[in-house]
Amino acid sequence: MSYDDLDPVSKQKLGKIFQWIGIAAISVGVIGGILVALAPTEGTDMTTRQNILFGISCCFGPSLLAAIPALIVGGMMRRAARDDDSGSLYRGWD
C-alpha cells in the first residue's frame with residue numbers, strides 16, 4: 001500500500017498518531033534524562049556532571065532522534081490530507 005492510496009481521513013488520523021508518537025518519545029527521553037541526572041551521587045562535582053551528560057546523551061538524545069522524523073512525517077501527512085480532501089468543509093478538522 002502506497003502513501004497516495006490512503007484516503008484523506010486516514011492520512012489525517014495516521015498523521016495525528018505519528019505526531020503523538022513523536023511527542024511521547026520526547027517526553028520519555030526527558031523523563032529518563034531527569035531520572036538519570038537526579039540519581040544519587042557520592043558528593044563530588046564530577047559525578048553530577050557525568051550523570052547529566054549521560055542523561056542527555058543516552059536518554060534525551062536518542063529519543064529526540066527518533067521523535068523528529070515521526071513529527072515531520074505526521075505533519076506532512078496531515079498537510080497532505082487537507083489538500084486532497086473535498087469533504088472537510090462538512091466534517092471540519094480537529
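What you are looking at is a predicted structure, and each value in this text was computed from that prediction instead of being measured.

Describing a nonpolar patch on the surface
A cluster of nonpolar side chains, namely Leu-14, Ile-17, Phe-18, Ile-21 and Val-73, defines an oily patch on the protein surface of about 390 Å² accessible area. When residues of the nonpolar patch are assigned to their parent elements, the largest contribution, 4 residues, is made by helix α1 (residues 8-37).

Remarks on the environment of Leu-64
Looking at the element boundaries, Leu-64 is found in helix α2 (residues 45-84). Residues Leu-64 and Gly-22, spaced 42 residues apart in sequence, show a C-alpha to C-alpha distance of 8.3 Å.

Some thoughts on the environment of Ser-10
Mapping Ser-10 onto the fold places it in helix α1. The class for Ser-10 is partly exposed, based on a relative accessible area of 26%. Through-space distance from the C-alpha of Ser-10 to that of Met-77 is 9.4 Å; in sequence the pair is 67 residues apart.

Some points on the environment of Gly-75
Among the secondary structure elements, Gly-75 is positioned in helix α2. The buried category is assigned to Gly-75, whose relative accessible area is 11%. On a C-alpha basis, the gap between Gly-75 and Gln-19 in space is 7.1 Å, while along the polypeptide they are 56 residues apart.

A short note on α1
Helix length check: α1, at 30 residues, gives a terminal C-alpha distance of 43 Å against a target of 44 Å (1.5 Å per residue), a fit within 8%. If you check which residues of α1 are buried, you get Pro-8, Lys-11, Gln-12, Gly-15, Gly-22, Gly-29, Gly-32 and Gly-33.

Points about the state of the cysteines
This model, assessed by the stated rule, comprises 0 disulfides. Unpaired in terms of disulfides, Cys-58 finds its nearest cysteine sulfur in Cys-59, a separation of 6.6 Å.

Thresholds applied
- Residues numbered from 1 in each chain as written.
- Predicted model: local features only at pLDDT ≥ 70, side-chain atom pairs only at ≥ 80, totals over all residues.
- Heavy atoms only, no water.
- Patch = residues over 30% accessible without salt bridge, like charges linked within 9 Å, V, L, I, M, F, W, Y side chains within 5 Å.
- Areas by Shrake-Rupley, 256 points an atom, 1.4 Å probe, with all protein chains shown as cover.
- Salt bridge = Lys/Arg side-chain N within 4 Å of Asp/Glu carboxyl O.
- Helix = DSSP H or I, 4+ residues; strand = E, 2+ residues; numbered from the N terminus.
- Buried < 20%, exposed > 50% of the residue type's maximum accessible area, 1.4 Å probe, protein only.
- Expected span 1.5 Å × (residues − 1).
- Disulfide = S-S within 2.5 Å.

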